[in-house]
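Okay, here's what each chain looks like letter by letter:
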2 protein chains.
Amino acid sequence: MLKPTEVRALIRKGKWDKPTTGISLGYAQANLVILPEKYAFDFFLFCQRNPKPCPVLEVLEPGNYKPDFLAAGGDVRTDAPRYNLYEKGKLRASPSSVKEFWRKDFVTFFLGCSLSFEEAMMRAGVPVRHIEEDKNVPMYVTNIECRPAGIFRGPMVVTMRPVVPDKVVKAVQVTSRYASVHGGPVHIGDPNIIGIKDLGRPDFGDPVTVEKGEVPVFWACGVTPQAAVTAAKPDICITHAPGHMFITDILNEELATT
Amino acid sequence: MLKPTEVRALIRKGKWDKPTTGISLGYAQANLVILPEKYAFDFFLFCQRNPKPCPVLEVLEPGNYKPDFLAAGGDVRTDAPRYNLYEKGKLRASPSSVKEFWRKDFVTFFLGCSLSFEEAMMRAGVPVRHIEEDKNVPMYVTNIECRPAGIFRGPMVVTMRPVVPDKVVKAVQVTSRYASVHGGPVHIGDPNIIGIKDLGRPDFGDPVTVEKGEVPVFWACGVTPQAAVTAAKPDICITHAPGHMFITDILNEELATT
């Protein structure tokens with residue numbers, strides 16, 4: 001299995017231009033949000049106030065692109081396979097490096113990602129449907145409002161995984177251990193209560209099979225901060241491209257609280 | 001028992017000018033750190049990087065002194081019984097209100113406090129020595145360096161509670177549930193390993209009895225951020241006076257992670 005340093009080196013050389021699902025298993029993959037310093041305090045506050053959708057793994061000082069704590073020798077500008085660059089909330093480019101766009105006032109946020117707890121679910125014998133069906137996880141915009149902070153606000157976006165009734169408690173227990181990667185569910189059962197009309201029509205990702213008797217379980221999703229950032233229309237903002245994550249040297253198990 | 005809103009009202013009227021230990025039991029009490037906006041991002045970063053000594057409960061936008069989320073109708077400027085005001089790291093005043101010193105660029109940080117987990121320890125049958133002996137908890141400067149952030153750096157300060165051997169595991173389990181109020185211990189056993197020469201001579205607080213066979217257990221302490229802030233010598237900084245905490249409407253149990 002490729003180690004995180006090895007994968008990051010491949011990506012940096014342009015030899016890995018695809019999603020990072022399934023590589024360097026056991027290591028935490030991170031969502032990236034890169035913003036000019038003038039927005040950084042507000043965004044930090046937004047994350048602190050909404051820890052389930054926006055679990056902060058690390059923040060770098062303005063201008064710093066070397067995340068030594070999370071990734072020895074890593075480089076934020078080149079080590080995700082693909083990036084999205086937004087100007088005033090509009091997607092302008094999806095480059096494989098953001099070296100040429102880098103600015104001295106850029107602040108990088110690394111946020112936790114549900115890949116970490118899905119691995120833990122499977123190890124605990126709780127199957128994960130969209131992985132079984134080789135699909136992207138279904139995501140839904142809810143009626144749960146995030147606590148706003150400065151210019152950042154918006155609804156919570158959630159992922160859904162159907163769980164057989166006798167595994168629901170285990171699913172809650174296992175994922176609650178990983179507070180820094182979304183943690184326990186935000187809702188169990190009736191989708192209507194959180195404003196979801198039709199599980200078969202997710203707002204992002206793919207619909208998955210929900211068998212009769214299975215319980216839909218909902219977790220806060222990392223698309224929440226991305227949606228809040230693009231809605232706030234900052235002059236410029238860079239994120240990883242969906243599925244093209246930054247792979248850290250941190251073991252998922254190091255993120256478990258108890 | 002007085003509710004948090006009632007205690008805050010008494011304090012605001014100047015009718016409670018003493019430490020807040022033992023009042024509004026069950027509700028979280030918070031450490032206060034108030035800094036000008038220009039230092040706020042760095043301090044936020046320091047807290048995020050050192051969550052055990054600096055567990056952030058809430059941060060307010062610049063100029064805001066109404067912590068509605070933590071304390072309905074509360075006022076940061078008047079609702080702690082006593083404050084310390086520092087200029088360039090030097091204590092200049094210890095007023096009972098900071099209304100006259102308030103500035104539009106002040107950012108308020110509320111940090112968790114070990115009173116919350118001590119209550120949980122006692123409920124779980126783990127006695128807390130300094131409470132039994134009616135003393136202030138002993139605190140020690142360690143050789144554990146905090147992760148620096150901007151102008152903020154310094155050693156971790158810890159508290160020590162002696163525990164009988166057959167309660168040490170329970171002490172770890174109980175306090176680990178409260179990550180937002182310092183969480184589990186940072187060290188168990190030999191004080192020398194973390195740079196403490198003599199348990200009988202704490203750097204702050206009072207020495208407590210350690211019976212033969214008892215194990216010293218060390219938790220990260222909220223004096224850590226206060227020491228880092230005064231060492232950084234910001235133009236101005238306001239904290240609560242030791243023991244004179246801000247009482248929130250949040251139940252300690254709401255802070256428990258699992």
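Look up a bit, the structure's there.
Here is a short report on the structure shown in this document.

Conventions used here
- Residues numbered from 1 in each chain as written.
- Chains lettered and ligands numbered in written order.
- Predicted model: local features only at pLDDT ≥ 70, side-chain atom pairs only at ≥ 80, totals over all residues.
- Heavy atoms only, no water.
- Helix = DSSP H or I, 4+ residues; strand = E, 2+ residues; numbered from the N terminus.
- Rg over C-alpha atoms; globule rule 2.2 N^0.38 Å.
- Buried < 20%, exposed > 50% of the residue type's maximum accessible area, 1.4 Å probe, protein only.
- Areas by Shrake-Rupley, 256 points an atom, 1.4 Å probe, with all protein chains shown as cover.
- Lys, Arg positive; Asp, Glu negative; His and termini not counted.
- Charge placed at Lys NZ, Arg CZ, Asp CG, Glu CD.
- Least-squares fit on C-alpha atoms with pLDDT ≥ 70 in both.
- Contact = heavy atoms within 4.5 Å.
- Buried area = accessible area lost by both parts, 1.4 Å probe.
- Salt bridge = Lys/Arg side-chain N within 4 Å of Asp/Glu carboxyl O.
- Polar contact = N/O pair within 3.5 Å; in protein donor to acceptor, adjacent residues only side chain to side chain.
- Nonpolar A, V, L, I, M, F, W, Y, C, P; charged D, E, K, R; others polar.
- Phe/Tyr/Trp six-rings, centres within 6.5 Å; stacked < 30°, edge-to-face > 60°.
- Lys NZ or Arg CZ within 6 Å of the ring centre and 35° of its normal.
- Pairing = 2+ DSSP bridges.
- Axes fitted to C-alpha atoms, helices over the stretch in contact; angles between N-to-C directions.
- Parallel < 35°, antiparallel > 145°, perpendicular 65-115°, else oblique.
- Left-handed = near helix turned anticlockwise from the far one by under 90°.

## Remarks on the overall build of chain A
Helix and strand counts for chain A stand at 7 helices and 11 strands. The C-alpha radius of gyration computed for chain A amounts to 18 Å, which stays within 12% of the reference 18 Å derived for 258 residues, consistent with globular compactness. Taken over the C-alpha atoms alone, chain A extends approximately 55 × 40 × 30 Å along its principal axes. Classification of the 258 residues of chain A by burial places 55% in the buried group. As presented, chain A carries roughly 10,700 Å² of accessible surface, and 54% of it is formed by carbon and sulfur atoms. In chain A, 31 side chains carry a positive charge and 29 a negative one; their mean positions are 3 Å apart.

## Overview of the relation of the copies chain B and chain A
With an RMSD of 0.0 Å, chain B superimposes on chain A once it is rotated by 180° and translated 0.0 Å along the axis. With respect to symmetry, the two chain copies, as superposed, fit the operation of a two-fold axis. Proximity to the rotation axis, assessed at the C-alpha, singles out B:Phe41 in chain B; its C-alpha lies 2.8 Å from the axis. Comparing interface residues between copies, 100% of those in chain B also lie at the interface in chain A; the contact surface is shared.

## Here we look at the interface of chain B and chain A
Opposite the 21 residues of chain B that make contact, chain A presents 21 residues. Between chain B and chain A the total buried area reaches about 1,800 Å² when both faces are included, carbon and sulfur atoms providing 59% of it. By the criterion of area lost to chain A, the three top residues of chain B are B:Phe41, B:Phe44 and B:Gln48, representing 33% of everything that side buries. For B:Glu58, the salt bridge is made with A:Arg49, and the minimal N-O distance between the two is 3.9 Å. Counting across the interface, chain B meets chain A through 10 residue pairs in polar contact (both at pLDDT 80 or more). Taken together, the elements giving at least two residues each to the side of chain B that touches chain A come down to α2 (37–49) and β2 (56–59) of chain B. With 6 residues, α2(B) is the largest single contributor of residues to the side of chain B that touches chain A. For the side of chain B that touches chain A, the per-class residue count stands at 13 nonpolar, 4 polar and 4 charged.

## Description of the packing of aromatic side chains
A full pass over the atoms with the stated rule returns 21 aromatic pairs over all chains. On the basis of an interplanar angle of 70° and a centroid distance of 5.4 Å, the ring pair of B:Phe43 and B:Phe152 is categorised as edge-to-face. Note that B:Phe43 is positioned in helix α2 and B:Phe152 in the loop between β6 (139–145) and β7 (155–163), a separation of 109 residues in sequence. Ring pairing ties together the aromatic residues A:Phe41, A:Phe43, A:Phe44, A:Phe46, A:Phe109, A:Phe152, B:Phe41, B:Phe43, B:Phe44, B:Phe46, B:Phe109 and B:Phe152, which thus form one cluster. One residue, B:Lys18, lies across the ring of B:Trp16, its end atom 4.6 Å from the ring centre. Over the aromatic face of B:Tyr65 sits the side chain of B:Arg77, whose NZ or CZ is 3.5 Å from the ring centroid.

## Looking at helix α3 (residues 115–123) of chain B
All names here are of chain B. Within α3, the full set of buried residues consists of Ser116, Phe117, Glu118, Glu119, Ala120 and Met121. Those residues of α3 that are buried lie in contact with β1 (27–36), α4 (129–132), β7, α5 (168–176) and β9 (215–220). Glycine 125, located one to two residues past α3, shows a positive phi value of around 80°.

## A short note on helix α6 (residues 223–232) of chain A
Since there are 3.6 residues in each turn of an α-helix, residues three or four apart along the chain are aligned in direction. Residue and element names in this part refer to chain A. If you check which residues of α6 are buried, you get Thr224, Pro225, Gln226, Ala228, Val229 and Ala232. Where α6 is buried, its residues meet β1 (27–36), α2 (37–49), β5 (106–111), β7 (155–163) and β10 (237–240). Just past α6, the residue lysine 233 takes up positive phi, approximately 50°.

## A word on the environment of B:Lys52
Residue and element names in this part refer to chain B. Within the secondary structure, lysine 52 sits in the loop between α2 and β2. A sequence separation of 133 residues divides lysine 52 from proline 185, and the C-alpha atoms of the two residues are 8.8 Å apart. Within the structure, lysine 52 has its side chain in polar contact with the backbone oxygen of glycine 184 (distance 3.0 Å).

## Some thoughts on the pairing of strand β9 (residues 215–220) of chain A
All names here are of chain A. β9 sits mainly inside the fold: 6 of its 6 residues count as buried. Residues of β9 alternate between two faces, with Val215, Val217 and Trp219 on one and Pro216, Phe218 and Ala220 on the opposite face, all of them buried. Pairing of β7 with β9 involves 6 bridges; the strand directions are antiparallel. When the sheet's bridge partners are listed, threonine 159 is paired in β9 with tryptophan 219. Bridge count for strand β8 (residues 187–188) against β9 is 2 bridges, and the pairing is antiparallel.

## Quick word on the pattern of salt bridges
Inspection of the entire model under this criterion finds 36 salt bridges over all chains. The salt bridge partner of A:Arg129 is A:Glu132, with a shortest N-O separation of 3.1 Å. Here the residue A:Arg129 and the residue A:Glu132 both occupy positions in helix α4 (residues 129–132), the gap between them amounting to 3 residues, near one helical turn. We classify A:Arg129 as buried; its relative accessible area is 11%. Salt bridges linked by common partners bring A:Arg49, A:Arg147, B:Glu58 and B:Glu61 together as one network.

## Looking at the environment of A:Val158
All names here are of chain A. Summarising the element assignment, valine 158 is placed in strand β7. The buried category is assigned to valine 158, whose relative accessible area is 0%. Between the alpha carbons of valine 158 and proline 202 there is a distance of 10.0 Å; along the sequence they are 44 residues apart. Ignoring any residue separated from it by four or fewer positions in sequence, one finds valine 158 in contact with Pro138, Met139, Tyr140, Thr142, Val186, Ile194, Ile196, Phe218, Trp219, Ala220 and Cys221.

## Remarks on the packing of helix α3 (residues 115–123) of chain A against helix α5 (residues 168–176) of chain A
What describes two packed helices is the angle between their axes and the distance between those same axes. Residue and element names in this part refer to chain A. Packing of α3 against α5 brings their axes to within 9 Å, and their N-to-C directions diverge by 135°. Judged on the interaxial angle alone, α5 and α3 are oblique. Handedness of the crossing formed by α3 with α5: right-handed. Contacts from Phe117, Ala120 and Met121 in α3 reach Ala171, Val174 and Thr175 in α5. Of the residues in the contact of α3 with α5, the class split is 5 nonpolar, 1 polar and no charged.

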